[in-house]
Amino acid sequence: MKGNIIFFALILITSFNAAGQSNTTISGQVTDKNTKAVIPYASVVILSEDNSLVNGGITDDDGFFIIQGLEPGNYRLEVSFLGYNNFQTDILIGTLNQNYDVGKITLEQSVTQLEEVTVKGERSEIADELDKKTYSMSNSIAQSGGSVMDAMKAMPSVSFDQNGRVILRGSDKVVVLIDGKQSSLTGYGNQKGLDNIPASNIERIEIINNPSAKYDATGMAGIINIVYLKEQQTGLHGNAGLAYGLGALTKPKEDLPTDLGSFSPTPKYIPSLDLNYKTDKLSFFMQSEVLFQKRLPNNEFTTRYYNDGRTIASQVPENRKQTHYIVKGGIDYQFDESNNLSFSGIYDWESHIDSAQVPYIYLHTNTRNRYINWREKEITGYMNYMLHYSHAFKQIGHEFHAHLQYSKGWEDETYHINDSSAIRQNGRDVTSVLGTEHTTTFTIDYTKPLTSGRIETGAKIQIRRLPVEYEQERGENSILYPGLGSWTKWGESIYAGYINWVHEKTKYSVEAGLRTEYTAVFYDMDEANIYYTQNDSYDYFKLFPNIRLSYKFNENNKVSLFYNQRIDRPGEPELRMYAKSDDHELVKVGNPYLRPQYTKSAEIGYKTNWQQGSLFLSGYYRFITDEYMRVYTQDTSRAEYDVVLKSYANTGKSTNLGFELVFNQKVSDFYELSGNLNIYQNKIKAYTGTLLFPYEHTFNVDQTTDNTWDFKIINTITLPKELQLQLTALYFAPKNIPQGKQLSRSSIDLGMKKKLWQGKGEFSFAFTDIFNQFGIEQEIDGDGFSAEYQNYYETQIIRVGLKYKF
């Protein structure tokens, strides 16, 4: 009778309790010790330390059981079946793994005392872990209605350079993933597109400063994983939204005298529609957004001080009119409990027209000696197709995944230049670039839970090819560089494999992994090119180890040590030798002979939790060799023009030493305070290198050591009637850069969200960079000149949005 009561209690507990608990699962199989036969319908219960029933289940026809929803703590596992002696063992649910296997449990008629088995699980709130910080987009109020880049402004240790690339702990060598995979949407190792990804369809953003061997070895500063929303509700449903924005309301610096100047203000219209359909076996989703806007992606002021006494000021306002479509959709089919196949795709089409009038002012006479106006029409985009198969073995957490992805990206740019100066009365030049990138990726991943951890292994093949066609129409006394040729072909092939082991005990845990990567790169150039005498090709095989050691003082205090090695590979944009000059006296050019940079990093982190908050402290160190970045040199070969070159080059060695603090405190029922402080030292070693464009010449990087810091404070207020307010303050102190210094920048952001129509609707308001002080200001000290550079690109934006769920 007692056995029957327990049996029915187990069914009730499994039905009503498991779904409300954490996602930790324990699995095993019950067999007869003598005959080895499986025992179906055996009862399995989990008891707390005071012997109260917590959860349980029964074995299936094959003797397997799965128990879900256990919170961290100490328990006792009991297995019983009619005619057999009970099995008992103590269990510790830890904080590291989500799925664990206790293996085979044998029952026999004679009494046997079995040894203790230790099993551990992962907390349902992954944001508490030292190796990953997770931020929900529902909490990003002050940047509502904006892009992922806007939302990331309030995340710890994150900032952006003037090109919109993420700077994580002071470095732009960051890999950005979509749902754990590289994608054309964010770039394959080279960042792009973050300012064009709407935050409205994002569930959360994860920052991983110390990735394991499971991840690609690219990304010195770490990985940012953007996780899209996934709907679980059955039936047909979705949401529709409309947002309006107005940017560049004020100007931090008055425009230099031209007819056009810089756009102000810049209106934006953003309609969106999401649809989801789900049945027991079939799921379909579509997420779409359209962007019509005026924008100011760059507004560059440069004042050049030449050693001969001349001082020249110029301004390049990149006035953009843009149309952008993004559609993401897919279908999932669940064949059975073990096999799932999904197909998804992203279509991204973007067209913009940039225009600028660029004056050149001799400041010692306050006269305009040169005037350029240009117009660029560019169509960019890509199609991304993904096929994913997953197989779940009988043992929970025992999984196999295969992923095939193909991306086709395109770039079609035409650039018209009109130049008026003493040398050219009305000179006209035209350039065009046409590039099509093909990327094919195949990955397999295998995970096997262990009694005290898990083992992960897998492999990856990635093939990229990007041919580029280039044409010039040169006017009289052209400002374009001759002899560049008409084509290039770039390719990169990566073959990788990894193994990663996780092991956890009561007080400590270990994670160790090794990733191997073989890479082959080629860059072929038109023989008509006069600046580089030979094509470039090379290959290399590298090992990338990682290790993490953690010690848990108690449930609320934990310390971890990390070590890993990373690589950052230059992509085709950094190698592209076709000079581009929005400011024709400040020319940007790539370097076909650029090489990868390597990083060794170490970190110690400490996390403590209390009832209403948490504190994270870490110290980190990075040693970088063959670092690559842009350097400034002067082109003295063109006597008729003053030209400063911004070229990519490997610049030797550097180090970063830093300290980070991240905190969160719920001050009251309606007020929450969070933020971070990052203090770090950049040490750049002296280096002298050689550039080949437009002639062989040297550049120098002086040795500098600089201490800098940044902080962010986020105030969130929850008011009655489902109204939320958020005020965010950001400050980045001055810091050294190669050949100069970057000055301080700051931003104050305000946001509001209000639920409407019984939670089916949402109104949002956001005002970013209220005082318009987040622009970039730099001081450069080059050979033969110095410069002051400011980029007051569009950071000040007001947005209002309305979304309705159906």
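Conventions and cut-offs
- Residues numbered from 1 in each chain as written.
- Predicted model: local features only at pLDDT ≥ 70, side-chain atom pairs only at ≥ 80, totals over all residues.
- Heavy atoms only, no water.
- Helix = DSSP H or I, 4+ residues; strand = E, 2+ residues; numbered from the N terminus.
- Buried < 20%, exposed > 50% of the residue type's maximum accessible area, 1.4 Å probe, protein only.
- Contact = heavy atoms within 4.5 Å.
- Areas by Shrake-Rupley, 256 points an atom, 1.4 Å probe, with all protein chains shown as cover.
- Pairing = 2+ DSSP bridges.
- Axes fitted to C-alpha atoms, helices over the stretch in contact; angles between N-to-C directions.
- Salt bridge = Lys/Arg side-chain N within 4 Å of Asp/Glu carboxyl O.
- Core = buried A, V, L, I, M, F, W, Y, C linked by side-chain atoms within 4.5 Å.

1. Brief notes about the overall build of the chain
Reasoning step 1: Across its full length, the chain holds three helices and 45 strands.
Reasoning step 2: Among the 806 residues that make up the chain, the fraction classed as buried is 54%.
Reasoning step 3: The long-range share in the chain, meaning contacts at least 24 apart out of those at least 6 apart in sequence, stands at 68%.
Reasoning step 4: Accessible surface computed for the chain: about 34,300 Å², of which carbon and sulfur atoms make up 55%.

2. Looking at unusual backbone geometry
Negative phi values dominate among residues other than glycine, just as trans dominates among peptide bonds.
Reasoning step 1: That bond from Ser264 to Pro265 is cis: its omega, -5°, falls within 30 degrees of zero.
Reasoning step 2: The residue Pro265 is located in the loop between β14 (235-247) and β15 (266-278) in this model.
Reasoning step 3: In this structure, Pro694 follows Phe693 across a cis peptide bond, with omega equal to -5°.
Reasoning step 4: Here Pro694 shows up in the loop between β35 (687-691) and β36 (697-701).
Reasoning step 5: Phi is positive for Gln758, which is not a glycine, with a value near 55°.
Reasoning step 6: Note that Gln758 resides in the loop between β41 (745-756) and β42 (761-768).
Reasoning step 7: Judged by relative accessible area, which is 80%, Gln758 ranks as exposed.
Reasoning step 8: Look at Asn772: it is not a glycine, yet its phi comes out positive at around 55°.

3. A closer look at the sheet that holds strand β31 (residues 628-635)
As a general point, the strands of a sheet are linked pairwise by backbone hydrogen bonds and lie either parallel or antiparallel.
Reasoning step 1: The strand order across the open sheet formed by four strands is β27-β28-β32-β31, and the pairing between neighbours is mixed. Edge strands, defined here as strands with exactly one partner in the open sheet, are β27 (580-583) and β31. With direction set aside, neighbouring strand axes in the sheet form an average angle of 30°.

4. Thoughts on the sheet that holds strand β12 (residues 202-208)
Reasoning step 1: If you trace the four strands from one edge of the open sheet to the other, you get β8-β12-β13-β11, paired in mixed fashion. With one partner strand each, in any of the chains shown, β8 (133-136) and β11 (174-178) form the two edges of the open sheet. Shown here is a sheet whose adjacent strand axes are inclined to one another by a mean of 15°, direction ignored.

5. Comments concerning the environment of Tyr508
Reasoning step 1: By the element assignment, Tyr508 lies in strand β24 (residues 508-525).
Reasoning step 2: The exposure class assigned to Tyr508 is partly exposed, which follows from its relative accessible area of 40%.
Reasoning step 3: Placed 41 residues apart in sequence, Tyr508 and Leu549 show a C-alpha to C-alpha distance of 7.4 Å.
Reasoning step 4: With near-sequence residues (within four places) excluded, Tyr508 lies in contact with His503, Ser550 and Tyr551.

6. Points about the pattern of salt bridges
Reasoning step 1: Within this structure, the stated rule accounts for 28 salt bridges.
Reasoning step 2: Here Arg370 ties to Glu585 by a salt bridge, and the two come within 3.1 Å at their closest N and O atoms. Residue Arg370 is located in strand β19 (residues 367-392), and its partner Glu585 is located in the loop between β27 and β28 (586-589); the two are separated by 215 residues in the primary sequence. You'll find Arg370 and Glu585 in the same group, each marked buried.
Reasoning step 3: For the salt bridge of Lys755 with Glu762, the shortest nitrogen-to-oxygen distance reads 3.3 Å.

7. Quick look at the nonpolar core
Reasoning step 1: The biggest cluster of nonpolar side chains holds 49 residues, and the ones touching the most others in it are Val358, Trp374, Tyr481 and Phe693.
Reasoning step 2: Those residues in contact with Phe693 that lie beyond four places of it in its chain are Tyr481, Leu484, Tyr531, Tyr532, Ala579, Val589 and Leu645.

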